[in-house]
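Each chain is listed here by its residues.
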Amino acid sequence: MSDWEDDSEPSTHERSKPKTYTESRRSQQDSYFPFLERVSGNPTYIGALIGRSGSNIKKIQSDFNVRVQIEEQTKDITVKGRYREDVDEAIKVISKIMSGEDSKFNGTSSRDMHTKRKADYGKSEYDKRDYNRGKAEYGKSEYDKRDYNRGKADYGKSEYDERDYRRGKANYGKSEYDKRDNNRNSNSQNRYSNNEYYSGNDEFEPIDWTAANSRAEQKNDTDSKYSFPKNDYSFGNDDFEPIDWAAANRNAEESRKARWANAPKLTKDFYREESEVANMTMKDVNELRLSNNNITVSRLITSKDEKFDDIPNPVWKFKQCFKDYPDLLEEINKQNFTEPSPIQKQAWPILLKGEDLIGIAQTGTGKTLAFLLPALIHTDGQPKPRNGPNILVLAPTRELALQIEKEVNKYSFRGMKA
């Protein structure tokens, strides 16, 4: 056991306690960042300095190669860096944020000056001149840059020097045979004039564009020598005929009508309104709807010329809708229901008449039974039974589909199954 670990054991000399990892790490940082500046923090803008998840502080540290620390109690801000100019630039940015001048920090202006100064550090005047020239050329096309470089290379040269320079660029990296062929092509080019095309072959004959255009005019029967047949599609086949989409649509419509003409007619109206329901006054109807969760009904009118029947009155007893279906009433009685729910009172008369319906109600208010019982009656009441599925129920989730299946299986109506 060492002396400094045991206080009871006397020691002839005093040993220093070893530094912890945090202390040693801090001392290394102090030596790595010799320059330090402090600025007082404004609590109002501390959040703007920190940024979301510390993004602004990270940006300052990255842009200026410094370390930024904020004291929890005093809110003072300490900036450390390897170079004095980096620390000063970071302090300027932080001071702007603390004064409210740059509450939405982006660091562009100070960082651009800092980056330019770092880019120019140690460069000669010629290097800086090339850097500024690169900025001037930014956004120029390759042709502009090529002309600029050519002007530099040709400055002070004679016409012969420029010709030899261009020839040297064309022959760079080529063998003696390639250079010889290149010179031959150059000589061949001089033989042909008047914008005629050549391929480097002495036996090549120039194209007679006048005769070609004349043949094109005769073929297309048009004044333009570059035009194509109008309102037509060509894929290199002269026998191609454009598609008559109007005729295709007419044929499709006729085919659809012929297919549905042989289908049996559907019976849609299965509702016989009871006298006590039909004789209700408008006041009675409104009171019944109001007492059942304030039922509201409306027509979805798509055209002013369309004529619609009045919306059926709501019911309040099961037998008012299903008195002609005693087996279905028996299934309902097995579930110990006393009266229909609000959505069922209004939906059953509408659906039994064969009309479309959009019903909106809270969860657990009997919407499944509201569309299920009329669907069973519509399926059973058709003059010609149809093989296979007759009712399609769409649900947005698997859980809801299983819930609907479980509810449907509670009712048995003339052998139908889910």
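The paragraphs below set out a description of the structure included in this document. (Residues numbered from 1 in each chain as written. Predicted model: local features only at pLDDT ≥ 70, side-chain atom pairs only at ≥ 80, totals over all residues. Heavy atoms only, no water.)

### Digging into the sheet that holds strand β2 (residues 66-70)
- The sheet built from 3 strands is open, its strands ordered β1-β3-β2 with antiparallel pairing. Edge strands, defined here as strands with exactly one partner in the open sheet, are β1 (35-39) and β2. Between one strand axis and the next, the sheet turns through 20 degrees on average, direction left out of account.
- Pairing geometry for β1 and strand β3 (residues 77-81), over 5 bridges, is antiparallel. By the bridge assignment, Leu36 is partnered in β3 with Lys80.
- On top of the sheet, helix α4 (residues 84-98) reaches β1, β2 and β3; it is set at about 10 degrees to β1, its chief contact. (Pairing = 2+ DSSP bridges. Helix = DSSP H or I, 4+ residues; strand = E, 2+ residues; numbered from the N terminus. Axes fitted to C-alpha atoms, helices over the stretch in contact; angles between N-to-C directions. Contact = heavy atoms within 4.5 Å.)

### Quick look at the pattern of salt bridges
- For the structure shown, the criterion picks out 12 salt bridges.
- In this structure, Arg272 and Asp324 form a salt bridge, with 2.8 Å as the shortest nitrogen-oxygen distance. Placement of Arg272 in the loop between α11 (245-261) and α12 (275-278) and of Asp324 in the loop between α14 (319-322) and α15 (326-334) is noted, with a sequence separation of 52 residues between them.
- Under the relative-accessibility criterion, Arg272 is labelled exposed at 54%.
- Using a relative accessible area of 38% as the deciding quantity, one classes Asp324 as partly exposed.
- Across the pair Glu331 and Lys334 runs a salt bridge, and its minimum N-O distance is 3.3 Å. Residue Glu331 and its partner Lys334 are located together in helix α15, separated by 3 residues, close to a single helical turn.
- The exposure class assigned to Glu331 is buried, which follows from its relative accessible area of 10%. (Salt bridge = Lys/Arg side-chain N within 4 Å of Asp/Glu carboxyl O. Buried < 20%, exposed > 50% of the residue type's maximum accessible area, 1.4 Å probe, protein only.)

### Notes on the packing of aromatic side chains
- Applying the stated criterion across every chain yields a total of 2 aromatic pairs.
- Each ring, one from Phe318 and one from Trp348, has its centre 5.9 Å from the other, and the planes form 50 degrees; the classification is tilted. Of the two residues, Phe318 sits in the loop between α13 (282-291) and α14 while Trp348 sits in helix α16 (residues 342-352), which places them 30 residues apart along the sequence.
- Looking at Phe318, the relative accessible area reads 9%, which means it is buried.
- On the numbers, 4.9 Å between centres and 75 degrees between planes, the contact of Phe322 with Trp348 is edge-to-face. Separated by 26 residues along the polypeptide, Phe322 in helix α14 and Trp348 in helix α16 bring together distant segments of the chain.
- Taking relative accessible area as the criterion, Phe322 reaches 0% and is therefore assigned buried.
- The buried category is assigned to Trp348, whose relative accessible area is 0%.
- One aromatic cluster is present, built from ring pairs that chain together Phe318, Phe322 and Trp348. (Phe/Tyr/Trp six-rings, centres within 6.5 Å; stacked < 30°, edge-to-face > 60°.)

### Thoughts on the nonpolar core
- Membership of the largest hydrophobic core comes to 25 residues, with the highest contact counts inside it found for Cys321, Phe322, Leu328, Trp348, Leu373 and Ile377.
- Elements that contribute at least two residues to this core include exactly α13, α14, α15, α16, α17 (367-380) and α18 (398-408).
- No other element matches α17, which puts 5 residues into this core.
- Beyond its immediate stretch of four places on either side in the chain, Leu373 contacts Phe322, Leu328, Ile332 and Trp348.
- One finds Val39, Leu49, Val79 and Met98 within the second-largest nonpolar core, a separate group that totals 17 residues. (Core = buried A, V, L, I, M, F, W, Y, C linked by side-chain atoms within 4.5 Å.)

### Considerations on the pairing of β2
- Pairing geometry for β2 and β3, over 5 bridges, is antiparallel. Of the residues in β3, the one forming a bridge with Val68 is Val79.
- Hairpin remark: β2 followed by β3, antiparallel, with 6 residues in the connecting loop; positive phi at Lys75, about 65 degrees.

### Brief notes about helix α3 (residues 55-64)
- Taken together, the buried positions of α3 are Asn56, Ile57, Ile60, Gln61, Asp63 and Phe64.
- Looking one or two places after α3, you find Asn65, whose phi comes out positive at around 55 degrees.

### Quick notes on unusual backbone geometry
- Phi is positive for Asn65, which is not a glycine, with a value near 55 degrees.
- Considering the arrangement of structural elements, one finds Asn65 in the loop between α3 and β2.
- Phi is positive for Asn293, which is not a glycine, with a value near 60 degrees.
- Locating Asn293 in the fold gives a position in the loop between α13 and α14.
- Take Asn293: its relative accessible area is 57%, and that puts it in the exposed class.

### Focus: the packing of α16 against α17
- At a closest axis distance of 9 Å, the pairing of α16 and α17 adopts a crossing angle of 25 degrees. The angle between α16 and α17 falls in the class roughly parallel. By crossing handedness, the relation of α16 to α17 is classed as right-handed. Residues Ile343, Gln344, Ala347, Trp348, Leu351 and Leu352 of α16 pack against Lys367, Leu369, Ala370, Phe371, Leu373, Pro374, Ile377 and His378 of α17.
- Split by residue class, the contact of α16 with α17 holds 11 nonpolar, 2 polar and 1 charged. (Parallel < 35°, antiparallel > 145°, perpendicular 65-115°, else oblique. Left-handed = near helix turned anticlockwise from the far one by under 90°. Nonpolar A, V, L, I, M, F, W, Y, C, P; charged D, E, K, R; others polar.)

Worth remembering: the numbers are spatial, not functional.
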